[in-house]
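Examination of the molecular architecture
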Amino acid sequence: MFLIPVLLLAIFNCGVFGRARWTEDQAKAWFNSQPYIMGTEYMASYAVNQLEMFQAETFNPDLIDKELALYGQLGMNTIRVFMIDLAYNIDPTGFKNRVNTLVEISAKYGIKPTLLFFTPSVIKNPTPGKQPKPDPGLVSSRWAETPSRDTLLNPSTWPQLETYVKDVVGTFANDSRVLMWDIWNEPDSPWFLNATEMQFLNQAIPLAFEWARSMNPIQPLTSSIFHGLDGVTPMIQINNSDVVSFHK
Ligand SMILES: *[C@@H]1O[C@H](CO)[C@@H](O)[C@H](O)[C@H]1NC(C)=O
Ligand SMILES: *[C@@H]1O[C@H](CO)[C@@H](O)[C@H](O)[C@H]1NC(C)=O
Ligand SMILES: *[C@@H]1O[C@H](CO)[C@@H](O)[C@H](O)[C@H]1NC(C)=O
């Protein structure tokens, strides 16, 4: 007789479905509860890209501490930080510990990071280990695409992305030191992917949101719009976001 309620409870408790997308009222209440949100992207000055930032060989919490102390003094209260699946795949626990160290240092200075999962970028298929030198004068000259282009174009490899997103969001799901999750950076950017590749992206974005939301995060999910509202991709981003974010 009580088998069904118990089963239902089990399903809701373990978050198979996760929480629903926030309503407009929830989004407004969250926004109104924040201070004036001010910050920038943050890539530590020693790092040419996300791999150099987070790989065990180069991760440098002392320098991050010095830089974020300056941020705090300037009155910044958020940073937007690009993560990368490759660094997670090599050593999930080590990667999460390093992200936690960054979150911990940020908290010391009143900064709540926005943690970012995926982005199209310059190096389509990055490799771990030593990274190329920067191209002087060129912004983001060696940033790494994540997931790699090969992974994006091969959905049979996406379960690994699912593990990554669920594990990282799950680890910080109740952590008020984290401001937001940016699931996919500027996927509507016109520079990186052709029409065929965009179809894979448009399939992957809602899945990535679903994986993150299944962990019931207290933080809102977003995906930053870059190019405007034309085409299907920005609508996918908006339709899946708890709060909408955009870049100019
Ligand atoms: C977050 O907190 C809720 C309520 O206290 C709890 O049920 C849930 O298991 C926690 N989630 C994680 C990932 O720790
Ligand atoms: C678009 O990208 C796909 C996958 O990378 C590639 O096979 C195809 O040749 C590209 N098409 C054009 C027109 O560049
Ligand atoms: C987004 O949501 C709107 C309103 O529910 C719907 O009409 C539209 O088809 C959705 N678009 C996509 C790409 O999901």
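One can find the structure itself at the top, above this paragraph.
Residues numbered from 1 in each chain as written. Chains lettered and ligands numbered in written order. Predicted model: local features only at pLDDT ≥ 70, side-chain atom pairs only at ≥ 80, totals over all residues. Heavy atoms only, no water.

For the protein chain, the helix and strand inventory stands at ten helices and five strands. A compact globule built from 248 residues should have a C-alpha radius of gyration of about 18 Å, and the protein chain, at 18 Å, falls within 12% of that. Overall, the protein chain is about 70 × 45 × 35 Å in size when its C-alpha atoms are taken along their principal axes. Per-residue burial for the protein chain yields a buried fraction of 49% across its 248 residues. Restricting to contacts in the protein chain with at least 6 residues of sequence separation, those with at least 24 account for 76%. (Helix = DSSP H or I, 4+ residues; strand = E, 2+ residues; numbered from the N terminus. Rg over C-alpha atoms; globule rule 2.2 N^0.38 Å. Buried < 20%, exposed > 50% of the residue type's maximum accessible area, 1.4 Å probe, protein only. Contact = heavy atoms within 4.5 Å.)

A general feature of soluble globular proteins is that nonpolar side chains tend to end up buried together. Membership of the largest hydrophobic core comes to 56 residues, with the highest contact counts inside it found for Met53, Phe54, Ile64, Met83, Phe117 and Trp181. For this core, the element with the most residues is helix 9 (residues 195–213), which contributes eight residues. Once you skip the residues sitting within four places of it in the chain, Met53 turns out to touch Tyr42, Met43, Ala44, Tyr46, Ala47, Phe59, Ile64, Val81 and Leu102. In this structure, Ala27, Trp30, Met180 and Val243 belong to the second largest nonpolar core, which totals six residues. (Core = buried A, V, L, I, M, F, W, Y, C linked by side-chain atoms within 4.5 Å.)

With five of its five residues buried, strand 2 (residues 78–82) lies for the most part within the structure. Bridging between strand 1 (residues 39–41) and strand 2 involves three bridges; their strand directions are parallel. Looking at strand 2, one finds that Gly39 is bridged to Thr78. Here strand 2 runs beside strand 3 (residues 112–118); their pairing, made up of five bridges, is parallel. When the sheet's bridge partners are listed, Thr78 is paired in strand 3 with Lys112. (Pairing = 2+ DSSP bridges.)

Let us now look at the site of ligand 3. Near ligand 3 the following residues occur: Val232, Met235, Ile236 and Asn239. Within the side chain of Asn239, a nitrogen or oxygen atom sits 2.3 Å from an oxygen atom of ligand 3. Burial of ligand 3 by the surrounding chains reaches 31%, relative to a free accessible area of 360 Å². Considered class by class, the residues forming the shell around ligand 3 number three nonpolar, one polar and no charged. (Near = heavy atom within 4 Å. Polar contact = N/O pair within 3.5 Å; in protein donor to acceptor, adjacent residues only side chain to side chain. Areas by Shrake-Rupley, 256 points an atom, 1.4 Å probe, with all protein chains shown as cover. Nonpolar A, V, L, I, M, F, W, Y, C, P; charged D, E, K, R; others polar.)

Turning our attention to helix 6 (residues 92–108). Relative to the 24 Å expected for 17 residues at 1.5 Å per residue, helix 6 spans 25 Å between its end C-alpha atoms, a close match to the ideal helical length. What helix 6 keeps buried is the set Gly94, Phe95, Lys96, Arg98, Val99, Leu102, Val103, Ile105 and Ser106. (Expected span 1.5 Å × (residues − 1).)

With that settled, the discussion passes to the sheet that holds strand 3. If you trace the five strands from one edge of the open sheet to the other, you get 1-2-3-4-5, paired in parallel fashion. The sheet is open, and its two edges are formed by strand 1 and strand 5 (221–222), each paired on a single side. Of the pairings in the sheet, the one linking strand 3 to strand 4 (residues 180–184) comprises four bridges and is parallel in character. Counterpart to Phe118 in the pairing with strand 4 is Trp184. Sitting on the sheet, helix 8 (residues 158–172) touches strand 3 and strand 4, and the angle it makes with strand 3 is about 170°. (Axes fitted to C-alpha atoms, helices over the stretch in contact; angles between N-to-C directions.)

The subject of this paragraph is the side chain of Glu197. Within the secondary structure, Glu197 sits in helix 9. Only 2.9 Å separates the side chain of Glu197 from the backbone nitrogen of Asn194, close enough to count as a polar contact.

Lining the immediate environment of ligand 2, one finds Leu153, Asn194 and Glu197. At a separation of 2.4 Å, an oxygen atom of ligand 2 approaches a polar side-chain atom of Asn194. Glu197 places a polar side-chain atom, nitrogen or oxygen, 2.7 Å from an oxygen atom of ligand 2. Protein contacts shield 33% of the accessible area of ligand 2, which totals 370 Å² for the unbound molecule.

On to the packing of aromatic side chains. Working definition: an aromatic ring pair is given by the centre-to-centre distance plus the angle between the planes. Scanning all chains against the criterion turns up 16 aromatic pairs. Ring pairs connect the aromatic residues Phe54, Phe59, Tyr88, Phe95, Phe117, Phe118, Tyr164, Phe172, Trp181 and Trp184, which therefore count as one cluster. (Phe/Tyr/Trp six-rings, centres within 6.5 Å; stacked < 30°, edge-to-face > 60°.)

According to the stated counting rule, one finds eleven salt bridges in the structure shown. Residue Asp91 is joined to Arg98 by a salt bridge in which the shortest nitrogen-to-oxygen separation is 3.4 Å. Residue classification places Arg98 among the buried residues on the basis of a relative accessible area of 12%. A salt bridge links Arg177 to Asp175; the nearest nitrogen and oxygen atoms lie 2.7 Å apart. Judged by relative accessible area, which is 24%, Arg177 ranks as partly exposed. (Salt bridge = Lys/Arg side-chain N within 4 Å of Asp/Glu carboxyl O.)

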